[in-house]
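As a plain string of letters, each chain reads:
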Amino acid sequence: MSETATLRIKTGFAEMFKGGVIMDVVTPEQARIAEAAGAAGVMALERVPADIRKQGGVARMSDPKMVKGIIAAVSIPVMAKARIGHTAEAQILQALGVDFVDESEVLTPADDNFHIDKHAFQVPFVCGARNLGEALRRIGEGASMIRTKGEAGTGNVVEAVRHARAVLGEIRKLQAMPKEELMSAARDLAAPYDLVCWVHQYGRLPVVNFAAGGVATPADAALMMQLGLDGVFVGSGIFKSGNPEKRARAIVKAVTHYQDPQVLAEVSEDLGEPMVGINIDTLPDEERLAVRGW
Amino acid sequence: MPSGAGELGVLALQGDFREHRAALERLGVPSREVRLPADLQGLRGLILPGGESTTMVRLMEDFGLADPLRAFAESGGALWGTCAGAILLAKSVEGREQRSLGLMGIAAVRNAYGRQIDSFETPLQVTGLADPFPGIFIRSPKLRPLPGAQKLEVLAWLEREPVLIQQGNRLASSFHPELSADLRLHRYFASLAGLPV
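Residues numbered from 1 in each chain as written. Chains lettered and ligands numbered in written order. Predicted model: local features only at pLDDT ≥ 70, side-chain atom pairs only at ≥ 80, totals over all residues. Heavy atoms only, no water.

1. What about the packing of helix α4 (residues 64–73) of chain A against helix α5 (residues 87–96) of chain A?
All names here are of chain A. Where α4 meets α5, the axes come as close as 10 Å, and the angle between the chain directions of the two elements is 35°. In this structure, α4 meets α5 at a crossing whose hand is right-handed. In this structure, α4 uses Pro64, Val67, Lys68 and Ile71 to contact α5, whose residues at the interface are Ile92, Leu93 and Leu96. Its residues placed into classes, the contact of α4 with α5 shows 6 nonpolar, no polar and 1 charged. (Axes fitted to C-alpha atoms, helices over the stretch in contact; angles between N-to-C directions. Helix = DSSP H or I, 4+ residues; strand = E, 2+ residues; numbered from the N terminus. Left-handed = near helix turned anticlockwise from the far one by under 90°. Contact = heavy atoms within 4.5 Å. Nonpolar A, V, L, I, M, F, W, Y, C, P; charged D, E, K, R; others polar.)

Okay, structure coming up:
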């Protein structure tokens, strides 16, 4: 009578990350630092987005050996990234025993029309979204967790804010709509009608909604929580900074105490050099990762 | 027993504390989020939710919550840990160096049912409940009663492993009642905390 990989098991697992920080790591050593700092999970990848940006080339799923090393190093959940539409990479990650797959625009897309059929997997998925339509399409495909795309590897939080405001603003709009307008809203959002109705009724996404892409400081993390997101992914922001351990601990504290400016002031003090940021306005369109996803 | 207006607390350092509060709200039990020692003032009981136990331990230590929590328990406050919360209540965590509050005579074995792809749901027979309770197990720990633990009672088993344990007014469950729509265990905990439900 025991069932695995039910909707409740997948989305329920995503709930466990709430109020927490998921940190990008590229080695078992970094994973241990993240765990000791209080990370609620780690994202195993070969290069952090800042390096992917700098070095260019095709960014793919990580070497299974590295993923296995990170799984063995920590007791907290381990996530890993597959390319958009790359079903085989996701199957490999599931076979390795990762706890969550991120179908991620940070890697080079493998399919420029379609995403992975995530219902077909035992392992739950997280996907990025810039607006409500995109979020609901991913949930319709089986995503158990949504995150803003932001603009990964820039250390600039402005895109994450933009995406969070877009999703949350569109949710408020749907909530206020009379029922007879929902079908046209679904058409305009290019989103499944039943999910549009769900959002109208409950006033939130049916899965947890995290911030990602450009979070570099405890204050950035607190800002995203204050906007109404459930937790935070930090990519390059930690291990590309001067004192990763201290910054990681500070961001963990900021996400828990995001409503307490006194605590935020204390944890923001003397963290060493932050990662060097990129002004997104000067970023050429072809270098923007957030536009990947269909 | 701490005095107060009959409120329960939910430890809100990290994890699914909102689901516990939503369950209590549906029962009509007032609740409050606990992040700092001062938040414990006047509570009748505290729920330690699911989430990541290492994260919660870290934050508990950084904000000086561990000793106030022990004092809260000693003064009669009821406690209920679900999944990660149960690990926090355990006397020890097997197989690794992880600190815990040590408020129940149990040892926790983390992730003992496997990784996320092994997570499962299954109906459980619970002592005192007429119908089966939906057991939702997500990267759950196994809980082992320690030899010599006083007044410890196993209220539910799954394949010869205890999954719901009571010791006085303290409860530990390896599963997540807060993710189900079933309010019976929240009601039971509220009664352990001396609240009318």
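Next comes the rest of the account.
2. Points about the layout of surface pockets
When its volume is computed, the second largest pocket comes out at roughly 270 Å³. Lining the second largest pocket, in full, are A:Arg32, A:Glu35, A:Ala36, B:Thr54, B:Val57, B:Arg58, B:Arg96, B:Glu97, B:Gln98 and B:Arg99. For the lining of the second largest pocket, the secondary-structure elements that each account for two or more residues are α2 (28–37) of chain A together with α2 (53–62) of chain B. Of the residues in the lining of the second largest pocket, the class split is 2 nonpolar, 2 polar and 6 charged. (1 Å grid on protein atoms, 1.4 Å probe; cavity = no way out; pocket = protein on both sides within 12 Å on 5 of 7 lines; lining within 4 Å. Points joined across faces, edges and corners; volume = space filled by probe spheres on them.)

3. Let's talk about the sheet that holds strand β11 (residues 161–167) of chain B
All names here are of chain B. With mixed pairing, the 7 strands of this open sheet are ordered in space as β2-β1-β3-β4-β12-β11-β10. Of all the strands in the sheet, the pair left with one neighbour each is β2 (31–34) and β10 (152–158). The average undirected angle you get between the axes of adjacent strands in this sheet is 20°. In the packing of helix α5 (residues 184–192) onto the sheet, the strands contacted are β1 (8–11), β3 (45–48), β4 (78–82), β10, β11 and β12 (170–173), and the crossing angle to β4 comes to about 155°. (Pairing = 2+ DSSP bridges.)

4. Quick look at the interface of chain A and chain B
The parts lose accessible area when they come together, and the size of an interface is often stated as this lost area. Counting residues at the interface gives 43 residues for chain A, matched by 39 residues for chain B. Between chain A and chain B the total buried area reaches about 3200 Å² when both faces are included, carbon and sulfur atoms providing 54% of it. Broken down residue by residue, the surface that chain A buries against chain B is led by A:Arg8, A:Ile9 and A:Met16, which jointly contribute 21%. At the junction of chain A and chain B, the tally comes to 7 salt bridges. Two residues, A:Arg249 and B:Asp62, come together in a salt bridge whose shortest N-O distance is 2.8 Å. Applying the counting criterion to the chain A and chain B interface returns 24 residue pairs in polar contact (both at pLDDT 80 or more). Sorting the residues of the side of chain A that touches chain B by element identifies β1 (3–4), α1 (7–15), α2 and α12 (244–256) of chain A as the ones contributing at least two each. Here the side of chain A that touches chain B gets 6 residues from one element, more than from any other, and that element is α1(A). Taken together, the residues of the side of chain A that touches chain B sort by class into 18 nonpolar, 14 polar and 11 charged. (Buried area = accessible area lost by both parts, 1.4 Å probe. Salt bridge = Lys/Arg side-chain N within 4 Å of Asp/Glu carboxyl O. Polar contact = N/O pair within 3.5 Å; in protein donor to acceptor, adjacent residues only side chain to side chain.)

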